[in-house]
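Below, each chain spelled out in residue letters.
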Amino acid sequence: AQSVAQPEDQVNVAEGNPLTVKCTYSVSGNPYLFWYVQYPNRGLQFLLKYITGDNLVKGSYGFEAEFNKSQTSFHLKKPSALVSDSALYFCAVRVLNDYKLSFGAGTTVTVRA
Amino acid sequence: GAGVSQSPSNKVTEKGKDVELRCDPISGHTALYWYRQSLGQGLEFLIYFQGNSAPDKSGLPSDRFSAERTGGSVSTLTIQRTQQEDSAVYLCASSPRGGMMNQPQHFGDGTRLSIL
């Protein structure tokens, strides 16, 4: 069975500073990794994915994530955070022939002006 | 283009009543998923449809929960004899095809269900 851990419930940063949201995973086989963001009273919005290839993945709104197979991690990063990045972030994993996403518990990001 | 549409956006009902939640996926998406988001359990998978068939119902928490999909499009999630622990946000997602592992799932805004 696959699982995802997001070790930080909350991340607080100042606007303009780098933002990192941590994610580690556990799977049998190759992982397919995703990051989603959720704003209040909204559904999940897709940010980026890692399927294969380059370990550094670039996504929407200036976000990127680095896949590290040896550390089984897929941390989300943004070089310069905006107040509008304040939201709930979810890391998710799926494996070949399993259609469902398994989500982490989520990390609440607060960017202060 | 239109995204995944869910209705109602909010539903309040009394314990013991039946409820129906509706999901209209992105046009052309053959794969459809239901998830539940609650404070205590986080995001949980409920059921997956490919076309009108449901090859994976493993996440349905009890036999009070059922879902169907007709015409390869709209899906309905039905909860019978609702209990307070059913209170949650029910999210629907769709993707072009379930077996395409590189395709993300696109989510609707959910139905917030409150059981009194």
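Our subject is the structure that appears above.
The paragraphs below set out a description of the structure included in this document. (Residues numbered from 1 in each chain as written. Chains lettered and ligands numbered in written order. Predicted model: local features only at pLDDT ≥ 70, side-chain atom pairs only at ≥ 80, totals over all residues. Heavy atoms only, no water.)

Describing the interface of chain B and chain A
- Taken together, the contact pairs 20 residues of chain B with 22 residues of chain A.
- Between Arg42(A) and Asp109(B) there is a salt bridge; the shortest N-O distance is 3.1 Å.
- For the pair chain B and chain A, the interface holds 8 residue pairs in polar contact (both at pLDDT 80 or more).
- Those elements giving two or more residues to the side of chain B that touches chain A turn out to be β4 (31-38) and β5 (42-50) of chain B.
- When its residues are assigned to classes, the side of chain B that touches chain A shows 10 nonpolar, 7 polar and 3 charged. (Contact = heavy atoms within 4.5 Å. Salt bridge = Lys/Arg side-chain N within 4 Å of Asp/Glu carboxyl O. Polar contact = N/O pair within 3.5 Å; in protein donor to acceptor, adjacent residues only side chain to side chain. Helix = DSSP H or I, 4+ residues; strand = E, 2+ residues; numbered from the N terminus. Nonpolar A, V, L, I, M, F, W, Y, C, P; charged D, E, K, R; others polar.)

Comments concerning the pattern of salt bridges
- Inspection of the entire model under this criterion finds 7 salt bridges over all chains.
- Asp98(A) serves as the salt-bridge partner of Lys100(A), at 3.2 Å between the closest nitrogen and oxygen.
- Where Glu44(B) meets Arg36(B), a salt bridge forms, and the shortest distance between an N and an O atom there is 3.2 Å.
- We classify Arg36(B) as buried; its relative accessible area is 10%. (Buried < 20%, exposed > 50% of the residue type's maximum accessible area, 1.4 Å probe, protein only.)

With respect to the nonpolar core
Residue and element names in this part refer to chain A.
- Grouped together as the largest cluster of nonpolar side chains are 26 residues, with contacts concentrated most on Leu19, Trp35, Leu47, Leu48, Phe74, Leu76 and Tyr89.
- Those elements that provide at least two residues to this core are β2 (10-14), β3 (19-21), β5 (31-38), β6 (44-50), β8 (64-68), β9 (73-78), β10 (87-95) and β12 (107-112).
- When residues of this core are assigned to their parent elements, the largest contribution, 4 residues, is made by β10.
- The residues contacting Leu76, other than those within four sequence positions of it, are Leu19, Thr20, Val21, Trp35, Leu47, Leu48, Phe63, Glu64, Ala65 and Tyr89. (Core = buried A, V, L, I, M, F, W, Y, C linked by side-chain atoms within 4.5 Å.)

Functional significance is not addressed by these values, which are geometric in nature.
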